[in-house]
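Coordinate inspection notes
Okay, here's what each chain looks like letter by letter:
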Amino acid sequence: MSSKTGNGQISQECNLDKVLLFPGSSHPTLAKEIADDLGISLGKIALSKFPDGEYNVQILENVRGRHTFVLQTVALDPNNHLMELMIIIDALRRASASEISVIIPYFGYCRQDRKDRPRVPITAKLVANLLVNAGATRVVTMDLHAGQLQGFFDIPVDDLHSGAILARSFKSVVTENFVVVAPDIGSVKLAKDYASYLNCDFAVTYKQRLNASNIKASMLIGDVNGKDVLLADDMCTTAGTLISAAKACREKGANRIFAAVTHGLFVESALERLNDSHIELLFVTNTIPIADAIAKCNKLQIVSIAPLLSQAIRCIYARESISSHYLDFIH
């Protein structure tokens, strides 16, 4: 179907005109960006609701024996977007699509990935089961909250990482004397990856959570005195973790403070809190649609992951290695 050229690019023998990418209703802008990057039109699909609120889906073109892709990010309205995704997958399966690759830039319900308290669910495993049982044959996602979630699936899972792209954006603003800081213990591996991309040291902020919305940073391990700081995390929900870490860094003598996150949920007045914080600029990808009012914030710089996802689609469709082409892409 395809072959690799000398520079690591997908061969033109791979006919992308036959790629079928169907958008859900959660992020049509990103779906269009990906389609434009691939040079294709989006698959024809009718999405509506019955009067009682149930989803009504119809695939409007022949998919029999075809490799299909579906893009749906499970965020902001996760219950409805997840249910719509399941129905789209079921429609494609019943229409005899040969493969159904589901692109979920933000994998919703990922926070509960283990039983850390009595009588709680493991929602990440539940969603994995739902996707497989609905008929998905592959999942492509971005920066899973916990890498071990890939083991919840009995189908291939490609967990792409935006760190190199975000680090590149940061490097265009700050060129020397900087350090990457993990805003909590759970972000240490991510911070180490950023430090590797940027060839710099990293530090760690110890976080004490007071409740679901309020954070108290009590300790910073590492040297930030007189340096610019990049706080690296996978998501920003209420911004409590980032703001608390930024305060701890400033108290330890940090100069300019920046942050980079893959998933920008921005709930519970997160934007107002960021505007009042020590964070000078927050780099965030568009895995989740960002409202116009939020996008206009002068503390945000939005970085598109459409080229990264379109490259993944090329590799999957051409049956090429995603990892090797990913390395070509980020460099």
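I will try to describe carefully the structure that is included in this document. These numbers come from a predicted model, not from an experiment.

For the protein, the helix and strand inventory stands at 10 helices and 14 strands. Burial analysis of the protein (331 residues in total) assigns 54% to the buried set. Here the contacts in the protein between residues at least 6 apart in sequence split such that 63% fall between residues at least 24 apart. Surface accessibility of the protein: about 15200 Å² in total, with carbon and sulfur atoms responsible for 48%.

Turning to helix α2 (residues 78-94), a few remarks are in order. The end-to-end C-alpha distance of α2, which contains 17 residues, comes to 24 Å, matching closely the 24 Å that a straight helix rising 1.5 Å per residue would cover. For α2, every residue scored as buried is listed here: His81, Leu82, Glu84, Leu85, Met86, Ile88, Ile89, Ala91 and Leu92. Taken from the residues just after α2, Ser96 is the one with a positive phi, measuring 70°.

Below, the discussion takes up the pattern of salt bridges. Per the counting criterion, the structure on display carries 10 salt bridges. A salt bridge links Arg114 to Asp113; the nearest nitrogen and oxygen atoms lie 2.8 Å apart. A relative accessible area of 49% places Arg114 in the partly exposed class. The class for Asp113 is buried, based on a relative accessible area of 7%. Here Asp158 and Arg138 are joined by a salt bridge, their closest N and O atoms 2.6 Å apart. Taken together, the positions of Asp158 in strand β7 (residues 157-160) and Arg138 in strand β6 (residues 138-142) put the pair 20 residues apart, joining distant regions of the chain. Relative accessible area serves as the criterion here: at 15%, Asp158 is assigned to the buried category.

Below, the discussion takes up the side chain of Glu84. Looking at the element boundaries, Glu84 is found in helix α2. Residue contacts for Glu84: discarding those within four places in its chain leaves Gly24, Ser25, Ser26, Leu47, Tyr55 and Gln72.

In an α-helix, one full turn covers 3.6 residues, which means residues spaced three or four apart are oriented alike. Where burial is concerned, most of helix α4 (residues 163-171) is hidden: 7 out of the 9 residues are buried. The set of residues buried in α4 consists of Gly163, Ala164, Ile165, Leu166, Ala167, Ser169 and Phe170.

Within the open sheet, the 5 strands sit side by side as β1-β4-β5-β6-β7. Their pairing is parallel. A single partner strand is all that each edge strand has here, and the edge strands are β1 (20-23) and β7. The average angle at which neighbouring strand axes cross in this sheet is 20°, direction not considered. Contacts from α2 reach β1, β4 (67-71) and β5 (99-104), with the element oriented near 165° to β5.

What follows is about the nonpolar core. Ranked by size, the top nonpolar core spans 47 residues in total, and within it Ile34, Val180, Tyr194 and Leu309 carry the most contacts. In terms of residues, this core owes the most to one element, helix α9 (residues 306-318), which gives 8 residues. Not counting residues up to four positions away in its chain, the partners in contact with Ile34 are Leu21, Leu71, Ala306, Leu309, Ser310 and Ile313. Of all hydrophobic cores here, the second largest spans 40 residues; its members include Leu85, Leu92, Tyr106 and Leu265.

On to the packing of aromatic side chains, then. Going through the model one piece at a time under the given rule, you end up with 5 aromatic pairs. Residues Phe107 and Phe153 carry aromatic rings whose centres are separated by 5.9 Å and whose planes lie at 75° to one another, so their mutual orientation is edge-to-face. Of the two residues, Phe107 sits in the loop between β5 and α3 (123-134) while Phe153 sits in the loop between β6 and β7, which places them 46 residues apart along the sequence. Of the two residues, Phe107 and Phe153, neither departs from the other in class, the shared state being buried. With 5.3 Å between their ring centres and 90° between their planes, Phe170 and Phe178 make a pair best called edge-to-face. Phe178 gets classed as buried once you look at its relative accessible area, which sits at 11%. Through successive ring pairs, a cluster of aromatic residues spans Phe170, Phe178, Phe258 and Phe283.

What counts and how
- Residues numbered from 1 in each chain as written.
- Predicted model: local features only at pLDDT ≥ 70, side-chain atom pairs only at ≥ 80, totals over all residues.
- Heavy atoms only, no water.
- Helix = DSSP H or I, 4+ residues; strand = E, 2+ residues; numbered from the N terminus.
- Buried < 20%, exposed > 50% of the residue type's maximum accessible area, 1.4 Å probe, protein only.
- Contact = heavy atoms within 4.5 Å.
- Areas by Shrake-Rupley, 256 points an atom, 1.4 Å probe, with all protein chains shown as cover.
- Expected span 1.5 Å × (residues − 1).
- Salt bridge = Lys/Arg side-chain N within 4 Å of Asp/Glu carboxyl O.
- Pairing = 2+ DSSP bridges.
- Axes fitted to C-alpha atoms, helices over the stretch in contact; angles between N-to-C directions.
- Core = buried A, V, L, I, M, F, W, Y, C linked by side-chain atoms within 4.5 Å.
- Phe/Tyr/Trp six-rings, centres within 6.5 Å; stacked < 30°, edge-to-face > 60°.

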